[in-house]
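An overview of the molecular structure
Single-letter residue listing:
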Amino acid sequence: MKNQQRIEQILLSLKKCDYLTREQLQRMHKLGQDRNAQKILRSLNQYLSHFSDDRKKVYYLNASGREFVQADKVRKKTTQVNHFLMRNDLYISLGRPTTWRNEVKITLNNLSLVSDAAYILNKIHHFVEIDNKQSMQKNVQKIKKYKKLSTFNPQFQLVWVTTTLYRRNRLEKLCEGMNFKIYLWEDLK
């Protein structure tokens, strides 16, 4: 029974997060050392597919896994996987907030934007943006929308995950005057 619960929990995590590495699954589900985690994940091969990215395996639900946890989204190998992995590392580092939602559409008056994720902590909305290989111009446009949103409701925090100190410094300057927090991806792993 305990083994069945672990299988279900791992598959539900993949349903929520789309793609996870072995390391992320180990942190989320306390799968022990690498060898034990690999053994557990091999035992789930009827529910999982994987591909290698930067010398690490990335897991996602196959058709049987989607059916088992009633997941609608079909995921395949993608070059955008680091975007998902960065978001997932933040989710795990924050203690997997129960209010966490991916790809949240925000619409207010004539303002519309899609946040990479959103969650509520201490009654404050947090909107997550992942900055992985995105042009800084696109980030500027997003920040302008969030600044406009703050004129309607300043009670939120903008949370960024980025890859380099240079990009973090640029984002800090762009977000001045807002409630924000910026993480480097390497610090979340």
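The structure reproduced in this document is the subject of the present report. This structure is a prediction, so every number in the text was calculated from the model and none was measured.

1. Some points on the packing of helix α6 (residues 136–152) against helix α7 (residues 165–174)
Close contact between α6 and α7 brings their axes to 10 Å; oriented N to C, the two are set at 30°. Classified by the interaxial angle, the pair formed by α6 and α7 is roughly parallel. The handedness of the crossing between α6 and α7 is right-handed. When α6 is examined against α7, the residues Met136, Asn139, Val140, Ile143 and Lys147 are found in contact with a partner set consisting of Arg167, Arg170, Leu171 and Leu174.

2. Focus on the pairing of strand β6 (residues 124–131)
Most of β6 sits inside the fold, with six of its eight residues counted as buried. Taken together, the five bridges between strand β5 (residues 111–121) and β6 define a ladder with antiparallel strand orientation. The residue bridging Ala117 from the neighbouring strand is Val128, located in β6. Counted along the chain from β5 to the antiparallel partner β6, the turn is two residues long, and its residue Asn122 has a positive phi close to 55°. Pairing geometry for β6 and strand β7 (residues 156–162), over seven bridges, is parallel. What sits directly across from Val128, in β7, is Val159.

3. Considerations on the side chain of Asp131
Looking at where Asp131 falls in the secondary structure, it is placed in strand β6. A polar contact is formed between the side chain of Asp131 and the side chain of Thr162, at a distance of 2.6 Å. Polar side-chain contacts of Asp131 include one of 2.6 Å to the side chain of Arg167. Not counting residues up to four positions away in its chain, the partners in contact with Asp131 are Met86, Asn139, Trp160, Val161, Thr162, Thr163, Arg167 and Leu171.

4. A short note on helix α5 (residues 81–93)
Taking 1.5 Å of rise per residue, 13 residues should cover 18 Å, and α5 covers 18 Å from first to last C-alpha, within 8% of that figure. For α5, a buried count of 12 out of 13 residues is recorded, marking the element as mostly surrounded by other parts of the structure. Directly after α5, the chain includes Gly95, whose backbone phi takes a positive value near 85°.

5. Focus: the nonpolar core
Among soluble globular proteins, nonpolar side chains are generally buried collectively. Among the nonpolar cores identified, the biggest contains 40 residues, and Tyr19, Leu48, Leu90, Val128 and Val161 are the most heavily contacted of them. Looking at which element gives the most residues to this core, the answer is α5, with seven residues. Residue contacts for Val128: discarding those within four places in its chain leaves Leu90, Trp100, Ser115, Asp116, Ala117, Tyr119 and Val159. Grouped together as the second largest cluster of nonpolar side chains are 16 residues, Leu111, Met136, Phe156 and Met178 included.

Criteria and cut-off values
By convention here, each chain's residues receive numbers from 1 onward along its written sequence. Two thresholds apply to this predicted model, a pLDDT of at least 70 for residue-level local features and 80 or more for giving and counting side-chain atom pairs, whereas whole-chain, interface and lining totals are computed over all residues. Side-chain figures throughout are based on the complete set of non-hydrogen atoms in the structure, without hydrogens or water. Comment: axis = line fitted to C-alpha atoms, over the contacting stretch for helices; angle = value between 0 and 180 degrees taken between N-to-C directions. Only runs of H or I of at least four residues qualify as helices and only runs of E of at least two qualify as strands under DSSP, and these elements are numbered from the N terminus. Should an angle fall under 35 degrees it is taken as roughly parallel, and over 145 as roughly antiparallel, whereas 65 to 115 is taken as roughly perpendicular and any remaining angle as oblique. Crossings are sorted by hand: turned counterclockwise from the far helix by less than a right angle, the near helix makes the crossing left-handed, and turned clockwise it makes it right-handed. We call two residues contacting when some pair of their heavy atoms lies within 4.5 Å. Whether a residue is buried, partly exposed or exposed follows from its accessible area with a 1.4 Å probe, protein chains only, as a fraction of its type maximum: under 20%, in between, or over 50%, in that order. Should DSSP find at least two bridges between two strands, the strands are regarded as paired. For this analysis, a polar contact is any N or O atom pair within 3.5 Å, provided that within protein one partner can donate a hydrogen and the other can accept it, and provided that sequence-adjacent residues contribute only side-chain to side-chain pairs. To estimate how far a helix should reach, multiply one less than its number of residues by 1.5 Å. In this text, buried Ala, Val, Leu, Ile, Met, Phe, Trp, Tyr and Cys residues form a nonpolar core when linked through side-chain atoms within 4.5 Å.

It is worth stressing that arrangement in space is one thing and function is another; only the former is reported here.
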